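The chain contents come next:
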Amino acid sequence: MSRITRSCRIAAALLFAHLAFLLATTASGSAHEVRPAYLQIDQIAQNHFNILWRTPNLLGMRLPVLLEFSEGIKSETEPSERLLADSAVERRIIEVEGSLAGERISFVGLEATNTDVVVRVNLEDRPVSTTLVRPSQPWIDLTGRQTTWQVARSHTRLGIEHILMGVDHLLFVTGLMIIVGSIRALVKTITAFTIAHSITLALATLGYASVPMAPLNAAIALSILFLGIEIVRLWRGQTSFTLRHPWVAALVFGLLHGFGFASGLTTLGLPSGDIPLALLAFNMGVEIGQLAFVFVTLLLYHAWTILRFDRPGWVRHVPGYLVGSLGAFWTIERTVLLF
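Read on for an overview of the structure.

Thresholds, definitions, all that
- Residues numbered from 1 in each chain as written.
- Predicted model: local features only at pLDDT ≥ 70, side-chain atom pairs only at ≥ 80, totals over all residues.
- Heavy atoms only, no water.
- Axes fitted to C-alpha atoms, helices over the stretch in contact; angles between N-to-C directions.
- Helix = DSSP H or I, 4+ residues; strand = E, 2+ residues; numbered from the N terminus.
- Parallel < 35°, antiparallel > 145°, perpendicular 65-115°, else oblique.
- Left-handed = near helix turned anticlockwise from the far one by under 90°.
- Contact = heavy atoms within 4.5 Å.
- Expected span 1.5 Å × (residues − 1).
- Buried < 20%, exposed > 50% of the residue type's maximum accessible area, 1.4 Å probe, protein only.
- Pairing = 2+ DSSP bridges.
- Polar contact = N/O pair within 3.5 Å; in protein donor to acceptor, adjacent residues only side chain to side chain.
- Nonpolar A, V, L, I, M, F, W, Y, C, P; charged D, E, K, R; others polar.
- Phe/Tyr/Trp six-rings, centres within 6.5 Å; stacked < 30°, edge-to-face > 60°.

### Re the packing of helix 3 (residues 148–164) against helix 9 (residues 275–307)
Next, step 1: Relative orientation of the contacting elements helix 3 and helix 9 amounts to 40°, with a least axis distance of 6 Å. It follows from the interaxial angle that helix 3 and helix 9 lie oblique. As for the relative orientation of helix 3 and helix 9, their crossing is right-handed in sense. Residue-level inspection shows Thr148, Val151, Ala152, His155, Thr156, Leu158, Gly159, Ile160, His162, Ile163 and Leu164 of helix 3 in contact with helix 9, the latter providing Leu277, Ala278, Ala281, Phe282, Gly285, Val286, Ile288, Gly289 and Gln290.

### Let's talk about helix 3
Next, step 1: Look at helix 3: 25 Å from first C-alpha to last across 17 residues, which is about the 24 Å you get at 1.5 Å a residue.
Next, step 2: What helix 3 keeps buried is the set Val151, Ala152, Ser154, His155, Thr156, Leu158, Gly159, His162 and Ile163.

### Structural notes on the sheet that holds strand 8 (residues 104–108)
Next, step 1: Within the open sheet, the three strands sit side by side as 4-8-11. Their pairing is antiparallel. Looking at which strands have only one partner, the edges of the open sheet turn out to be strand 4 (66–69) and strand 11 (139–141). Each strand axis lies, on average, 15° off the axis of its neighbour in the sheet, ignoring direction.

### Overview of the side chain of Asp168
Next, step 1: Along the polypeptide, Asp168 turns up in helix 4 (residues 167–179).
Next, step 2: For Asp168, the side chain forms a polar contact with the side chain of Arg334, separated by 3.4 Å.

### Describing the environment of Ser240
Next, step 1: In this fold, Ser240 is placed in the loop between helix 6 (213–235) and helix 7 (241–244).
Next, step 2: With relative accessibility at 11%, the residue Ser240 sits in the buried group.
Next, step 3: In this structure, the C-alpha to C-alpha distance between Ser240 and Glu230, residues ten residues apart in sequence, is 7.8 Å.
Next, step 4: Setting aside anything within four residues of it in sequence, one finds Ser240 in contact with Glu230 and Arg233.
Next, step 5: A polar side-chain atom of Ser240 sits 3.3 Å from the main-chain amide nitrogen of Leu243.

### Some details on the packing of helix 4 against helix 6
Next, step 1: The contact between helix 4 and helix 6 brings their axes to 9 Å, and the two run at 25°. Taken together, the axis directions place helix 4 and helix 6 in an arrangement best described as roughly parallel. Of the two elements, helix 4 crosses helix 6, and the hand of that crossing is left-handed. From helix 4, Asp168, His169, Leu171, Phe172, Gly175, Leu176, Ile178 and Ile179 reach across to helix 6, where they touch Ile220, Ser223, Ile224, Leu227, Ile231 and Leu234.
Next, step 2: Here the contact of helix 4 with helix 6 is composed, by residue class, of ten nonpolar, three polar and one charged.

### Overview of the pairing of strand 4
Next, step 1: Residues Leu67 and Phe69 of strand 4 are buried on one face, while the alternating residues Leu66 and Glu68, pointing to the opposite face, are not.
Next, step 2: Taken together, the four bridges between strand 4 and strand 8 define a ladder with antiparallel strand orientation. Across the sheet, the residue bridging to Phe69 is Ile105, located in strand 8.

### Some points on the side chain of His257
Next, step 1: Its location among the elements puts His257 in helix 8 (residues 246–266).
Next, step 2: The exposure class assigned to His257 is buried, which follows from its relative accessible area of 0%.
Next, step 3: A distance of 3.1 Å separates a polar atom in the side chain of His257 from a polar atom in the side chain of Ser223.

### Some points on the packing of aromatic side chains
Next, step 1: Applying the stated criterion to the full structure yields five aromatic pairs.
Next, step 2: A ring pair is formed by Trp53 and Phe107, whose centres lie 5.5 Å apart and whose planes are at 35°; its orientation type is tilted. Of this pair, Trp53 sits in strand 2 (residues 48–58) while Phe107 sits in strand 8; the two residues are 54 residues apart in sequence, bridging distant segments of the chain. You'll find Trp53 and Phe107 in the same group, each marked buried.
Next, step 3: Plain terms: the ring middles of Phe172 and Phe253 are 6.1 Å apart, the flat faces sit at 75° to each other, and that makes the pair edge-to-face. On the criterion of sequence distance, the pair formed by Phe172 in helix 4 and Phe253 in helix 8 is long-range, its members being 81 residues apart. Summarising the burial analysis for this pair, Phe172 and Phe253 share the class buried.
Next, step 4: One aromatic cluster is present, formed by Phe172, Phe193, Phe226 and Phe253 through successive ring pairs.

Laid out in structure tokens, this is it:
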């Protein structure tokens, strides 16, 4: 067994607690994504605006966040709500005394969550603006259009969070790291995964392709289970096409994971002028998060070897069992949900 394979196994074991924490705080049925809430404001008359407020379902429940308007904003119609499979959509019309600029919209309860809010404002006298609101500052003061740098920064950060909170994406990467046999193979495999999911991320975000979420969730879980089976083959000293060419598995299944990444953007309703920049920045964020995960894994292994901790033999099998067991559980669960 090569040094890089041993390093990935042991280092991934050190990340067991991190992955378990993410698993405990993420809904099992949608563990691959942490979707933001979405607020859209469209001007329909001089002082009247349509409001669309979408909140995702987390842990099977609607996100407990409510809109609160400043004194200059009045509701002209009562909110009408529609419940969807993955979110709740609320619509209303508001009336503003004077200009919308300078008014504040607060998101009550957002500070107690780990969910961001994407705010899209479409006014008659200015370009469409898109802003990312974070739990640490759960309100937005309505002003002018975001700069190019602000759009890029907010979507890069969203991409980083999307991959680091995506338990099944991280498990798939962990499985790839376990079955590779060298640094060269690791670089080749991660590169193939990057190319594949970048392609489908772009196609889905630009509207050229789409996959229903329920079958996609099941297929992503199946990709993790597939790697779990390959890990068992590796333990038994057997070989297979995937073990000899792990980059092929990364390329094929990376196409599926790309559609999963795209769910973080396709539900936002971004204006066409912002989509290219938002897509590029979001994809860069995903890559930064993914490379950070791989780097930290190898770094932890290096620290482990320097400190020379005593460890039982079963520790090296923990990552493989984690990948296979959760892959099997999610495959069964998500397949049942299809019916």
